[in-house]
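Examining the three-dimensional arrangement
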Amino acid sequence: MLDADFFRRWMTTAAASVDREAGRLTALDSAIGDADHGSNLQRGFTAVAAALAKEAPDTPGAVLTLAGRQLISTVGGASGPLYGTLLRRTGKALGDAAEVGEEQLAAALREGVDGVMKLGGAAPGDKTMIDALVPAVDALGSGFAAARTAAEEGARATTPLQARKGRASYLGERSVGHQDPGATSSALLIAALADTAEADGE
Ligand code: ADP
Ligand code: MG
């Protein structure tokens, strides 16, 4: 079972990973966007880690809801409200249970991803974070490692696509040939989840 501490460690692991990879995320966003994705998420996840340290929410749902709120209030770009919705909706779906199982997390994450699709209007194949998140959630039933692989493959598979949503879509055909920054950061978020589970021997 996964408790609040597991979810706090997932978020702090994600924050460290975003910190490490911020330069790469911004470089990807400079090719097909406005070169701020790394700094956007760095600001957001730094605020998430600080809020979690200060408030220490004691259920999985409360951890993700607080994290989502921080992302919405600190990230200026499109990705803030989208990632914020992902975490808030997932947290809400987990309710106020003190511990949740893997299946419950998979179902809750699916609700979160559905919330992102509703808010942003993107579907799989539009070259967005959805292209990493949907395969990850689909694979989560087979375990955390499978979800990580699926997210990474989904992110890589955005390279030949033409963007149909977000800033990159303004480039039309010129968006082809570059990996989507948001799909790349989504793969980092899922990898952080798998790392946290592996550290626990899940
Ligand atoms: P901005 O585009 O406002 O500068 P960021 O650079 O932080 O915001 O984030 C860009 C990423 O957000 C894109 O690479 C894409 O994955 C994701 N994104 C943008 N618009 C959408 C959308 N409508 N639905 C899902 N994801 C989106
Ligand atoms: Mg940007």
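Summarised in this report is the structure supplied together with it. (Residues numbered from 1 in each chain as written. Chains lettered and ligands numbered in written order. Predicted model: local features only at pLDDT ≥ 70, side-chain atom pairs only at ≥ 80, totals over all residues. Heavy atoms only, no water.)

**Some words on helix α3 (residues 60-74)**
What counts, and what does not: Helix and strand definitions here come from DSSP, where helices need a minimum of 4 consecutive H or I residues and strands a minimum of 2 consecutive E residues; each element is numbered from the N-terminal end. How far a helix is expected to stretch is found by multiplying one less than its residue total by 1.5 Å. Remark: exposure states derive from per-residue accessible area (1.4 Å probe, protein chains only) relative to the maximum for the residue type, with buried under 20%, exposed over 50%, and partly exposed in between. Should any heavy atoms of two residues lie within 4.5 Å, those residues are considered in contact.
The terminal C-alpha atoms of α3 lie 21 Å apart, and with 15 residues this matches the ideal 21 Å at 1.5 Å per residue to within 8%. When α3 is considered as a whole, its buried residues turn out to be Pro60, Gly61, Val63, Leu64, Leu66, Ala67, Gly68, Gln70 and Leu71. Tucked inside the fold, the buried residues of α3 contact β1 (2-3), α1 (4-32), α2 (37-55), α4 (79-94) and β2 (99-100).

**Points about the site of ligand 1**
For clarity, the threshold we go by: A cutoff of 4 Å decides nearness: a residue is near a molecule or strand if any of its heavy atoms lies inside that distance of it. What qualifies as a polar contact is a pair of N or O atoms within 3.5 Å, subject to a donor-acceptor requirement within protein and to the restriction that residues adjacent in sequence count only when both atoms come from side chains. Ten residues, namely Ala, Val, Leu, Ile, Met, Phe, Trp, Tyr, Cys and Pro, are considered nonpolar, four, namely Asp, Glu, Lys and Arg, are considered charged, and the remaining ones, Gly among them, are considered polar.
The local shell around ligand 1 holds 20 residues, among which His37, Asn40, Ala78, Ser79 and Asp180 are the closest. In this structure, Ala78 approaches ligand 1 through a main-chain N or O atom, which is 2.8 Å from an oxygen atom. Residue assignment for the shell around ligand 1 shows that the elements contributing at least two residues are α2, α4 and α8 (181-199). Element by element, the count of residues in the shell around ligand 1 is highest for α8, at 3 residues. Each residue belonging to the shell around ligand 1 can be placed in one class, and the counts come to 6 nonpolar, 8 polar and 6 charged.

**Focus: α8**
Taking 1.5 Å per residue, 19 residues should reach 27 Å; α8 reaches 27 Å between its end C-alpha atoms and fits that length. Burial of α8 is extensive: 16 of the 19 residues sit out of reach of the surface. The first or second residue beyond α8 is Gly201, which carries a positive phi of 75°.

**What about the pattern of salt bridges?**
Applied cut-off: A pairing counts as a salt bridge when a side-chain nitrogen of Lys or Arg comes within 4 Å of a carboxyl oxygen of Asp or Glu.
Taken as a whole and assessed by the stated rule, the structure comprises 9 salt bridges. Residue Asp34 pairs with Arg167 through a salt bridge whose shortest N-O separation is 3.1 Å. Here the residue Asp34 occupies a position in the loop between α1 and α2, and Arg167 occupies one in the loop between α7 (144-156) and α8, the gap between them amounting to 133 residues. For Asp34, a relative accessible area of 32% gives the class partly exposed. Among the residues examined, Arg167 registers a relative accessible area of 48% and is labelled partly exposed. Glu198 is paired through a salt bridge with Arg148; the nearest N and O atoms lie 2.6 Å apart. Of the two residues, Glu198 sits in helix α8 while Arg148 sits in helix α7, which places them 50 residues apart along the sequence. Among the charged side chains, a network of salt bridges with common partners joins Asp5, Arg8, Arg9 and Asp200.

**A look at the nonpolar core**
Selection rule: The set of buried Ala, Val, Leu, Ile, Met, Phe, Trp, Tyr and Cys residues whose side-chain atoms join them within 4.5 Å is what this entry labels a nonpolar core.
Membership of the largest hydrophobic core comes to 55 residues, with the highest contact counts inside it found for Phe7, Trp10, Met11, Phe45 and Leu86. Of all the secondary structure elements, the ones that give two or more residues to this core are α1, α2, α3, α4, α5 (102-120), α6 (130-139), α7 and α8. In this structure, Phe45 is in contact with Met11, Ala14, Ala15, Val18, Leu71 and Leu189, ignoring residues within four places of it in sequence.

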